[in-house]
Amino acid sequence: MKSTRLWPALLLTISLLGAVSCVSGGDDGNGDDDAVVPNFVQETCSGCTRDEAITSSGTISGYRFYSYVKNSGGSGKINMTIGAGSSTASKEFTVTAGTSYVFHCWVSVEANAAASFTYQARFPGTAGYTDSHTINGYTCSGGPFDMQLNPR
C-alpha cells in the first residue's frame, strides 16, 4: 500500500525538479537554447536604405552597407565578422533580447568598370543570417570599418 502512494509523489518530485532546472537555465522548453543566446534573424524594413555611395569631391570613395535584424534570442555579447572583397574585420557588441537593430559598416572602394565585390555581414544564431550585397564597377581598397549596431 505504501508503494502505491510513493510513485505519484516520486513522479511529482521529478517533474518539479525538471521545471526548476529549465527555468533556472533560461530554457524556453522547446528543445533549443535560442532564449539563452543571441539569435539574429533578418527583419524587413520597407523603404530603408540597404547601401549608399559615399562621395568625396564628386567621386565615389566608399559604400556604407545597412542590415536590418532582430535578436529573437537572449541578451549577451556577439562577435560580428564582416567581409568585403578579400578583407575582413570583427567587432564585439552587447545585445538585448527581443530588440531590433540596424547594423552598418563602411568599405573604401576604387572604380574599376570590369570588377565587382561582395560585402557580407554574418550575424550569429541557430541558423545564422548572412546579409550580402554585391557592388559592380568597384573594387575594395580597404577593409570594413566604422561598424555599428544600434537599436532601432
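Below: a short report on this structure. (Residues numbered from 1 in each chain as written. Predicted model: local features only at pLDDT ≥ 70, side-chain atom pairs only at ≥ 80, totals over all residues. Heavy atoms only, no water.)

**Observations regarding the overall build of the chain**
The condition is simple: The helix and strand labels rest on DSSP assignments: H or I over at least four residues marks a helix, E over at least two residues marks a strand, and numbering proceeds from the N terminus. Each residue is assigned to one of three classes by its accessible area relative to the maximum for its type, calculated with a 1.4 Å probe on protein chains only: buried under 20%, partly exposed between the two thresholds, exposed over 50%. In what follows, residue pairs with any heavy atoms lying within 4.5 Å of each other are defined as contacts. Accessible areas in this description were obtained via Shrake-Rupley with a 1.4 Å probe; residue shielding takes into account the shown protein chains only.
In terms of regular secondary structure, the chain is built from one helix and eight strands. Overall, the chain shows an N-to-C arrangement of helices and strands of α-β-β-β-β-β-β-β-β. Taken over 152 residues, the chain has a buried fraction of 32%. Considering only contacts in the chain between residues 6 or more positions apart, those separated by 24 or more positions represent 67%. Accessible area of the chain: about 8,800 Å², with a carbon and sulfur share of 53%.

**Re the state of the cysteines**
Threshold: When two cysteine sulfur atoms are found within 2.5 Å, that pair is recorded as a disulfide.
Enumeration according to the criterion identifies one disulfide in this entry. Linked covalently through their sulfurs, Cys45 and Cys48 form a disulfide whose S-S length is 1.7 Å. The thiol sulfur of Cys105 is not disulfide-bonded, and the nearest other cysteine sulfur, from Cys140, lies at 9.9 Å.

**Observations regarding the nonpolar core**
Short version of the rule: Each nonpolar core is a collection of buried residues, namely Ala, Val, Leu, Ile, Met, Phe, Trp, Tyr and Cys, held together in the definition by side-chain atoms within 4.5 Å.
Ranked by size, the top nonpolar core spans 25 residues in total, and within it Met80, Ile82, Phe103, Phe117, Tyr119 and Phe123 carry the most contacts. Examining the composition of this core, we find that nine residues originate from one element, strand β6 (residues 100-123), more than from any other. Residue contacts for Ile82: discarding those within four places in its chain leaves Ser87, Thr88, Ala89, Phe103, Cys105, Tyr119, Gln120, Ala121, Pro144 and Met147.

**Some thoughts on the packing of aromatic side chains**
Aromatic rings in a pair are described by how distant their centres are and how their planes are angled relative to each other. To keep it simple, the criterion reads: In this scheme Phe, Tyr and Trp rings, the latter by its six-membered ring, pair at centre separations within 6.5 Å, and the angle between planes marks the pair as stacked below 30 degrees, edge-to-face above 60, and tilted otherwise.
Overall, the coordinates contain 10 aromatic pairs when judged by the stated rule. Both rings, one in Tyr63 and one in Phe65, keep their centres 6.1 Å apart while their planes meet at 25°; by these two values the pair is stacked. By relative accessible area, which is 10% here, Tyr63 ends up buried. Residues Phe103 and Phe123 carry aromatic rings whose centres are separated by 5.7 Å and whose planes lie at 90° to one another, so their mutual orientation is edge-to-face.

**As for the pattern of salt bridges**
So the rule is basically this: When a carboxyl oxygen of Asp or Glu is within 4 Å of a side-chain nitrogen of Lys or Arg, the pair counts as a salt bridge.
Tallied over the entire structure, the rule returns four salt bridges. As a salt-bridge pair, Arg152 and Glu43 come within 2.8 Å of each other at their nearest N and O atoms. Within this pair, whereas Arg152 is found in the segment after β8 (145-151), its partner Glu43 is found in the loop between β1 (40-42) and β2 (51-56), the two being separated by 109 residues in sequence. Residue Arg152 is classed as partly exposed on the basis of its relative accessible area, which comes to 45%. With its nearest N and O atoms 3.4 Å apart, the salt bridge here joins Arg50 to Asp131. Of this pair, Arg50 sits in the loop between β1 and β2 while Asp131 sits in strand β7 (residues 129-140), and the two are 81 residues apart along the sequence.

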